[in-house]
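Structure assessment
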Amino acid sequence: MKRLTRAREVREVVTAERAQGRRVAFVPTMGYLHEGHLSLVERARAEADLVVMSIFVNPLQFAPTEDLARYPRDMEGDALKAESRGVDLLFVPDVTEMYPATPRVSVTPGPLADRWEGAVRPGHFAGVLTVVLKLLNIVQPHVIYMGRKDAQQAVLVEAMCEDLNVGVRVRVSPTVRDSDGLALSSRNVYLSPEERGRALAIPGALQAIQAAFTVAAIRDADSLVAAGWEVLEREPSVGVEYLALVNPRTLEPRESEAETGDLVLVAARVGSTRLIDNIVLGAT
Ligand code: AMP
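The structure contained in this document is the topic of the report that follows. None of the values given here were measured: they were computed from a predicted structure.

1. So, the site of the ligand
What surrounds the ligand is a group of 16 residues, the closest being Met 30, His 37, Asp 150, Val 176 and Leu 184. A distance of 2.9 Å separates an oxygen atom of the ligand from a polar backbone atom of Met 30. At 2.7 Å from an oxygen atom of the ligand is found a side-chain nitrogen or oxygen belonging to Asp 150. When isolated, the ligand has an accessible area of 480 Å², and the protein chains bury 92% of it. Those elements that place two or more of their residues in the shell around the ligand are strand E2 (24-29), helix H2 (35-47) and strand E5 (143-147). Top contributing element to the shell around the ligand by residue count: H2, with three residues. In the shell around the ligand, the residues fall into seven nonpolar, seven polar and two charged.

Here it is in structure tokens:
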């Protein structure tokens, strides 16, 4: 595995590979890799000739009050995991490589970012889309691999690639969970064992909604969301920011009937850790 820190070098390698007709896959991450990230690598490995991963903790997508400074990092561990799972090129730019100066131009996400994560974290998706577009311009892949775990982010990246004619296919992969049901996240490392136990109310609520939809055949959106609240209310120390059943394309809340393929989005605080999760209704 090649490890590069310069955008120009990455472009050179990829340009040469593409010139030989090789298919290039790209997996952008913020590092502290877990099986969720590595599931994207596995899929990319199966579908492409050259697998490029980036590790970059993007300051543009963190508000000053957020966890940029303490975001977990383990570059050497990550490099070993990436290499052992088949990454060919690891791009690890530093902040000055990505932002030699404050960007004068950035991506405006539009209405898909008005709700949910975008409402709680103003400016977050402008930061995400700007860095993703920069990375796509540097790496020039055929396909980008994203996780459903960050559902709103995946929808926004798909919208950006389509609306701005980026010419990159977006593949979205299912959320990988721990055996207890908690979605894998680099931020889970912040949780004490006791907090981790309480955090299980989050996947518990999503499972309750899934069961109400698939087993009890409930279709009324409010009743489905209520089934999730029942679980969350049993763990009052989990501070729910939102729990919503939404149209997967517009991200607008369903007003009456839920449909197979709808998303249920949740964000909650457990102690000082903020977690997000979601399910696709009716997905196995
Ligand atoms: P991050 O390093 O958190 O920015 O995540 C990098 C990529 O990995 C994003 O596309 C995430 O959606 C994806 N990802 C993170 N956690 C998971 C997970 N548990 N399952 C699947 N994909 C994930």
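2. With respect to the pairing of strand E6 (residues 169-173)
Where E5 lies against E6, five bridges are found, and the strand directions are parallel. Pairing of Tyr 145 across the sheet is with Arg 171, part of E6.

3. Some details on the pattern of salt bridges
Two side chains of opposite charge can pair, provided their charged atoms sit close to one another. Applying the stated criterion across every chain, the model contains 21 salt bridges. Here Glu 42 and Arg 85 are joined by a salt bridge, their closest N and O atoms 3.0 Å apart. Of the two residues, Glu 42 is situated in helix H2 and Arg 85 in the loop between helix H3 (75-84) and strand E4 (89-91); the sequence distance between them amounts to 43 residues. Among the residues examined, Arg 85 registers a relative accessible area of 24% and is labelled partly exposed. Of the charged contacts in the structure, one is a salt bridge between Arg 254 and Glu 259, with a shortest N-O distance of 3.6 Å. Classification of Arg 254 as buried rests on a relative accessible area of 17%.

4. A short note on the sheet that holds E2
Within a sheet, neighbouring strands are paired by backbone hydrogen bonds and run either parallel or antiparallel to one another. With respect to topology, six strands assemble into an open sheet ordered E1-E4-E3-E2-E5-E6, the strand pairing being parallel. On the outer flanks of this sheet lie strand E1 (2-4) and E6, each paired with one strand and no other. Neighbour to neighbour, the strand axes of the sheet diverge by 25° on average, direction disregarded. Bridging between E2 and E5 involves two bridges; their strand directions are parallel. Counted as the bridge partner of Phe 26 is Ile 144 from E5. Packing against the sheet, helix H6 (residues 124-139) makes contact with E2, strand E3 (50-55), E4 and E5, and its axis sits at approximately 150° to E2.

5. Re the packing of helix H1 (residues 7-19) against H6
It is the contact of H1 with H6, at a shortest axis distance of 8 Å, that shows an interaxial angle of 50°. Judged by the angle between their axes, H1 and H6 are oblique. Across the interface between the two elements, Ala 7, Val 10, Arg 11 and Val 14 of H1 pack against Asn 137, Ile 138 and Val 139 of H6.

Reading guide: rules and limits
- Residues numbered from 1 in each chain as written.
- Predicted model: local features only at pLDDT ≥ 70, side-chain atom pairs only at ≥ 80, totals over all residues.
- Heavy atoms only, no water.
- Near = heavy atom within 4 Å.
- Polar contact = N/O pair within 3.5 Å; in protein donor to acceptor, adjacent residues only side chain to side chain.
- Areas by Shrake-Rupley, 256 points an atom, 1.4 Å probe, with all protein chains shown as cover.
- Helix = DSSP H or I, 4+ residues; strand = E, 2+ residues; numbered from the N terminus.
- Nonpolar A, V, L, I, M, F, W, Y, C, P; charged D, E, K, R; others polar.
- Pairing = 2+ DSSP bridges.
- Salt bridge = Lys/Arg side-chain N within 4 Å of Asp/Glu carboxyl O.
- Buried < 20%, exposed > 50% of the residue type's maximum accessible area, 1.4 Å probe, protein only.
- Axes fitted to C-alpha atoms, helices over the stretch in contact; angles between N-to-C directions.
- Contact = heavy atoms within 4.5 Å.
- Parallel < 35°, antiparallel > 145°, perpendicular 65-115°, else oblique.

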